[in-house]
Structures are given as C-alpha cells and as structure tokens.
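These are the residues of each chain, in order.
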Amino acid sequence: MTLQEARALGTVMETPAPRPSRARFSLGRWLLPVYSALALIFLLVPIVYTFVFSFNDSLKSNISWRGFTLDKWTNVCAAQGVCEAFGNSILIGVIATLAATTLGTAIAIALVRYRFRFRTGVNLLLFLPMATPEVVLGAGLAAEFLGLGADMGLVTIILAHTMFCISFVVVTVKARVTSLDPALEEAGRDLYASPGQVFWRITFPLLLPGIVAAALLSFALSFDDFIITNFNSGTTDTFPKFIYVSAARGVPAEANVIASAVFILAIVLVLAQQISAAARRKRLAKVQ
Amino acid sequence: MAGGVFAESGADLELVGIQKRFPGFTAIEGMDLTIPAGSFFALLGPSGCGKTTTLRLVAGLEEATAGRILIGGKDVTDTKPYQRPVNTVFQSYALFPHMTIIENVAFGLRRRKIADATGKAHEALRLVELDHLAARRPQQLSGGQQQRVALARAIVNRPALLLLDEPLGALDLKLRRQMQLELKSIQEEVGLTFLHVTHDQEEAMTMADTVAVMNKGKIEQLGAPEVLYELPRTAFVANFLGQSNLFTGPVEGTTGDSISVNVEGNRIVVPKSRAQRHSGEVTVGARPEKLTLHVTEPKPEAGTNLLGPGRVIDVSFSGVSTQYIVAIPGLGSIVVFAQNMGVGPLVGEGTETWVSWKVEHGFGLEDEAPRQPRFSSDTDTASIALEKKRALMSELEEA
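Scoring rules and cut-offs
Residues numbered from 1 in each chain as written. Chains lettered and ligands numbered in written order. Predicted model: local features only at pLDDT ≥ 70, side-chain atom pairs only at ≥ 80, totals over all residues. pLDDT = per-residue confidence, 0-100. Helix = DSSP H or I, 4+ residues; strand = E, 2+ residues; numbered from the N terminus. Contact = placed C-beta atoms within 7 Å. Nonpolar A, V, L, I, M, F, W, Y, C, P; charged D, E, K, R; others polar. Buried ≥ 20, exposed ≤ 12 C-beta atoms within 10 Å, placed from the backbone. Pairing = 2+ DSSP bridges. Core = buried A, V, L, I, M, F, W, Y, C linked by C-beta atoms within 7 Å. Domains from an automatic or database assignment. Axes fitted to C-alpha atoms, helices over the stretch in contact; angles between N-to-C directions. Parallel < 35°, antiparallel > 145°, perpendicular 65-115°, else oblique. Left-handed = near helix turned anticlockwise from the far one by under 90°.

## Here we look at the confidence of the model for chain B
All names here are of chain B. Summary statistics for chain B give a mean pLDDT of 86 and a share of 90% for residues scoring 70 or more. Element-level pLDDT for chain B is lowest in helix α9 (residues 381-398), with a mean of 65, against a maximum mean of 95 in helix α2 (residues 101-111). Low pLDDT, under 50, characterises residues 1-7; the predicted model gives this stretch 14 contacts beyond four residues in sequence or across chains. Prediction confidence for the complex, expressed as pTM and ipTM, is 0.77 and 0.78 respectively.

Now the structure itself:
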C-alpha cells in the first residue's frame, strides 16, 4: 500500500505493514466511489421523486402512484391557486432583485471606493440580515408593518425581500469592485469620458459578472423564501407558501410540475453557460 | 468638454507655486516649473519624491492644495481631467479589458465625437506597428505590445501634453532600451510635449532634452542631461545621477580662477566656475570615470589633483570597464572606473595605488554630502501609502 492510499483510507498506521493485505487495498479503492454515489443518490432522491410524481394521475393528494399522465403538464393552472402563487413569486422575485441589485451595487461601490463617516458601521449593519435568524427578521418586520398600519401583501413582501437581498448583493459585488484597478476608471477620465460615461462604459461592464451573479442569487433567495414571507404576506400567496399550506391536505401534482420545470430551466441555463464558456476558451486559444 | 479643438503641436506647461498635501504629509512643496512646447521633459527621482503626484496633478487626477497649473497659457487648475488637453500613459497601461485594441485606441476620439475615429485609431496603431492586432483583446498581447497600445491610445488624441508615468517600468531591460528609442522617435515625429516620470536615471538621460531631478517634493536641479551629469549642484544629484566621489573640507586658498580645499591634509583644487561656494566648508567631487589609477607615485603636476597612496580593496570586472575601490587613509573609499583598453584588470586587490584627475573635471556642491544612512529612508511610496491609510483609519475611528 502506498502512502497516498493509506491517507485516502484515513488510517494512521503505527508501524508500516510488511505485506499489504488485498482486502484493505480494495476497500481503499471502492470506498470513495461508493460513498460518493450514496451521497449523490441521497441528494437526488427528492428531486427525482418530485419529477416522477409530476406525471402522477392524482386526484386530491399526490402521495400514492395512480398511473402515468401528461395532463398535469399540459393543464398546469388547473389546480386552484397554484399559477397565481407562482406568478406572485416571479413578480416579487423580479422587483426585489432589481431593487436590491441596484441599491446593493451602489453601496458596494461606495464602500470600496470612498472613505466616509460610519463606513465600518455600514459594513457591520450589512452583515446583520445574513446573521440574524429568519424567524426573528420576519417577526420583527411584521411588527413594524403592523405598527405602521401597512396592509400586508405584495408590497410588504417585496420590501422584506429587498431588505435581506441587499446584503448578499453588497458582499458579491464588493469582491468584484475590490479587484477592479482604479487606474482603469482614471484612464477613462483621462480619455475625455464624463463621470457618467466612465460609469456606463468602464465601471459597469467590468462589474457586470459580479452584478449578474448577485442578481441571480437575489432572485433565488427571494423565490425560495418562506419564513419571512409567511410573516409579511397577509392573504397573498407565493409559491413556497402555497406548497406549505397545501401540504396539510396534499400537494397537487401541478406544484410538482412547476417545481420540475424550474429545476429543468436552471439546469439548462447552467449547461448553456458552461458550453458557451468552453467555446469561448477554445476561440481564445485558437487566436493565440 | 474641452471644445474639441486640440493643438496640432504641443503646448507649454507651467506650474506656479504648486503644493500638494495629503493627510499627514506634504508630497510637493512650492514647485515652479515651466516645460516648453515640443520638448521631451523627464522628472527623475526616487520613489516617494513626488514625481508621480506632480504628473497626477497635471492630469487632473489629484487636486493641488495650492498653486496654479497652466497649459498653453490657459489656467486648467480647476478643470476636470476630461476637460484637459492632456493624456496619460499609465504605469499599469490601464487598457480596458472588455474592449478590443481598436476600441481602446478609439475611446478618446469617440468621447470627443471626432469624425472617423476608427480610421484615426488604425493610423495610431500603425505608428506603433500593431495594426495587425487591432481586433484582439488586451490580455492576448504581451507586455511590450500592451505598452505600445497604451501609447497609441494616448497620442491618437493629439494632446497638447502627453504624460508618461514610468511607462517602461514593467518591461525587461532589452525591451525597455528598444522602447526608449521608439518613444523618442515617436515624440520627434508627432512633435508633442512629453512629460516623462521615471526613477531610472539612464532612461531619463537617454530620452529627455531636459531632466529635472526631484527629491522630497522639490526639484533639486534642472537642465540638459549632459549639464546635470557634468556639473551636479547638490550631493543628491551627484549621487542619484551616476556615481560621485565626494570630499568635504575647508577652503584654504583661492587663486584667480580656482579654490583649493583641504581634505584631511590633502589638497584638492576645483575651478571657481564649477564650484557653487567659494569659502568655508565645502563638498567637492569628481566622477569615477574621470579618475586615473597609478601604480607608481606620479610627479605632482599643476592642473591635476593627486591623492594617495591607498590600497585597492575591491575589483569588479564588468566587460567594458572595471570598477576599482581604493581605500586611502583619511579619505575613505574612492571609486574609479577604468576602460578595459588592455586585457583584464590593471591591478589586483591589495595593490598600492595613487589616484589622480584633472582639475577641470572636479565640481563643488552647494550642500554637504549627507552621512550615509544605514537604512533607506521611509519616504518611499509604499510606506507613505501605509501612513496615509493609518491616518485615515484613526480619523474614521474618531468620527
């Protein structure tokens, strides 16, 4: 047995074995793949279950298999409220993402590029929404909205989502701003670009990868959020809330359809990105 | 906008009483400087001497604490960088990584809405012989090529004044020498005023018509490279621009056109016209290549300074010449450069030698040779930046 294999096994040997046994050798060889396969299966079972049961010819509850059908995919909005909840989630996600990304990007640039009073304080405050338990945030916000006499609904949900998404946007974009050479912006100013032109033609395009990453993260966080939403939504339904509520009497298969569709869309986007990046690398290599 | 009309030739640059203070230290103190149109001017100095700050002030990237900046007679002190007829070649090149080479070069023209920006950009790229790479991105080019693109991006705008911030600092020695010649010929070709900042004395002397040696936020001496080298006025210039052997002592006699200085019992004669001070304690010196080594004691002659005997304590051979270090009791170490006309070094270590030079090659300084500090001073850029950061941090904590 080589030293590397011993390490892979995680065994600490007091004395080197004079003749390595075959059993240990094959264990070292099989342990990692088997372990990895088990971990992957564990991760994928809920997703596969959701996908398979989106084709179930269910009546009220979608727990036992009653036969294959495509009806649920073709008539997604048949179940009461599912499409409305999904639409709300998308609307909230888009608006909260736009607001949080715009505000967060501006904050990130200010924190890196300028020195001002309470800069350290702002940095600290931005971490709070990430560190505070969601239940506390949700309950606290609900109390505030109640105190203000605000109607719980789309507006309060969007405000709540924007609030916690900003922190993640700032952290993501800040990393990008830090790596941006200030000389590039100076070169822009030197080459007759006005402050606005410097921002839109130099700073913004160079920050764009970070901004897009931050926006995707915001949207995912917003779309996914249940706890804070539940406190601040009143009677308005979002997709996670719809599933939570309907879980008591059985989640309709239409919800599985939407969940599977979202999952497939995400996978397709990631694959497309990977393929285009590989193509670009190839093209760059060719030019050089 | 600066009106879109730019000089086809260079313009004068005039700095009047410029002062620049950063929190905690003064980078430039009372600087007056005039750079005539069409000249190649070098600001030479060690890091932290304020040369880059001067350049950034002219570009408008920093604001002067006091003083005026005039370009072609027009006061630009209060204008923004994009309103000044000035372009900069940055030390890091600062090419826009998300644009192609041609887009980079055309950037300034497009902002000023100049007709046929692309055509003019191609022309500028042809000048630096990189037109065939116009469609590439900066990261696909080598360091030397990026440097030339940065140059093309600046000169395509025909600025009245071109600022070069150590543009050759990141290149290797061979490429640097080649680019020095290229820069010089481009300057002659386009006829613009170049202001070049560098810490490389050889680079400054090869390229510039006029060199200003800066130290601690002030210009120590300004003039043509030959004049600065042959007749340095201060100890800093004598040692920063090449090497010098310096001796300090009281003036003990004056003849019609020369003074003689007593250095630990040795007499050193310097022409009055080449000495800044003619009485009291003075520092005089001579360049190592002006010195001659003798292995037997030569007869004292009028018009020659003779020191010795001493012993050779170090010989280093460098191809064209050999550097000898001779220790003479009471005078310390004297550096002598000798051309290798014959074969190999003339003398070995430990040889007893005398050193002589012609009186007309000596010079007298206006200040005293500083005692050599054991550690370099803490006024270089990095420690200044650190200091500045600390000051800001404490300021913010107080807030």
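Moving on from the coordinates now.
## So, the interface of chain B and chain A
With 20 residues of chain B at the contact, the number on the chain A side is 21 residues. For the side of chain B that touches chain A, the elements supplying multiple residues, two or more each, are β6 (86-89), α2 and α9 of chain B. The greatest single-element share of the side of chain B that touches chain A, amounting to three residues, is contributed by α2(B). Taken together, the residues that form the side of chain B that touches chain A break down as 11 nonpolar, six polar and three charged.

## Regarding the environment of B:V269
Residues and elements named next belong to chain B. Structurally, V269 is set in strand β13 (residues 266-271). Overall, the presence of 19 C-beta atoms within 10 Å leaves V269 in the partly exposed class. Sequence-distant contacts of V269, defined by excluding residues within four places in its chain, comprise S258, S260, N305 and V359.

## A word on the sheet that holds strand β20 (residues 363-364) of chain B
Residue and element names in this part refer to chain B. Pairing is antiparallel across the open sheet formed by five strands, whose spatial order is β13-β12-β11-β14-β20. Strands with a single pairing partner mark the edges of an open sheet, and in this sheet they are β13 and β20. Inspection of the sheet shows strand β11 (residues 245-254) paired to strand β14 (residues 281-286) by six bridges, in the antiparallel sense. Along β14, the bridge assignment pairs T248 with T283.

## Here we look at the nonpolar core
By size, the foremost hydrophobic cluster in this structure holds 95 residues, and its most contacted members are B:V105 and B:L195. B:V105 has contacts with B:A121, B:A124, B:L125, B:V149, B:A152, B:R153 and B:V156, leaving out every residue within four places of it along the chain.

## Overview of the pairing of strand β12 (residues 258-263) of chain B
Residue and element names in this part refer to chain B. In this structure, β11 lies alongside β12, joined through three bridges in antiparallel fashion. When the sheet's bridge partners are listed, V251 is paired in β12 with V261. Pairing analysis gives six bridges linking β12 to β13, with the strands arranged antiparallel. By the bridge assignment for β13, S258 is matched with P271. If you look at the hairpin formed by β12 and β13, you'll find two residues sitting between the two strands, and E264 has a positive phi there, around 50°.

## Structural notes on the domain arrangement of chain B
A common way to express how large an interface is: the accessible area buried when the components associate. You can read the domains of chain B as domain 1 (13-229) and domain 2 (243-364). The centre of domain 1 of chain B, based on its C-alpha atoms, is set 40 Å off from the matching centre of domain 2 of chain B.

## What about unusual backbone geometry?
Phi is positive for A:F118, which is not a glycine, with a value near 65°. Its identity as a non-glycine residue notwithstanding, B:Y93 has a phi of 70°, on the positive side.

## Remarks on the packing of helix α8 (residues 182-190) of chain A against helix α9 (residues 195-224) of chain A
All names here are of chain A. α9 packs onto α8 with a crossing angle of 160° between their chain directions and a minimal axis gap of 10 Å. Here α9 runs roughly antiparallel to α8, going by the angle between their axes. α9 is crossed by α8, and the crossing has right-handed handedness. Together, L184, E185, G188 and R189 of α8 and V198, R201, I202, T203 and L206 of α9 make up the contact between the two elements. By residue class, the composition of the contact of α8 with α9 is four nonpolar, two polar and three charged.

## Let's talk about the packing of helix α4 (residues 82-113) of chain A against helix α11 (residues 239-246) of chain A
All names here are of chain A. Remark: α4 packs on α11, axes separated minimally by 7 Å, with the N-to-C direction vectors making an angle of 145°. Taking contact as the criterion, the partners of V82, A85, F86 and S89 in α4 are, on α11, F239, K241 and F242. Grouping the constituent residues of the contact of α4 with α11 by class yields five nonpolar, one polar and one charged.

## Re the environment of B:N87
Along the chain, B:N87 turns up in strand β6. Judged by the 27 C-beta atoms lying within 10 Å of it, B:N87 falls in the buried class. Sequence-wise, B:N87 and B:N157 are 70 residues apart; in three dimensions their C-alpha atoms are separated by 7.7 Å. Leaving out residues up to four positions away in the same chain, B:N87 has contacts with A:D190, A:L191, B:G108, B:A154, B:N157, B:P159, B:L162 and B:L163.

## Description of the pairing of strand β3 (residues 40-44) of chain B
Residues and elements named next belong to chain B. The element β3 is largely enclosed, with a buried count of five among its five residues. Because side chains alternate across β3, one face comprises the buried residues F40, A42 and L44, and the other comprises F41 and L43, equally buried. Sheet topology places β3 next to strand β8 (residues 193-198); five bridges connect them, and they run parallel. Of the residues in β8, the one forming a bridge with L43 is V197. Bridging between β3 and strand β9 (residues 210-215) involves four bridges; their strand directions are parallel. Bridge pairing in β9 links L43 to A212.

## Section: helix α1 (residues 51-59) of chain B
Within an α-helix, residues lying three or four positions from one another point in the same direction, as the helix has 3.6 residues per turn. All names here are of chain B. Within α1, nine of the nine residues are buried, which leaves the element mostly enclosed by the surrounding structure. Those residues of α1 that sit buried are K51, T52, T53, T54, L55, R56, L57, V58 and A59. The positive-phi residue at the C-terminal boundary of α1 is G60, with phi of around 95°.

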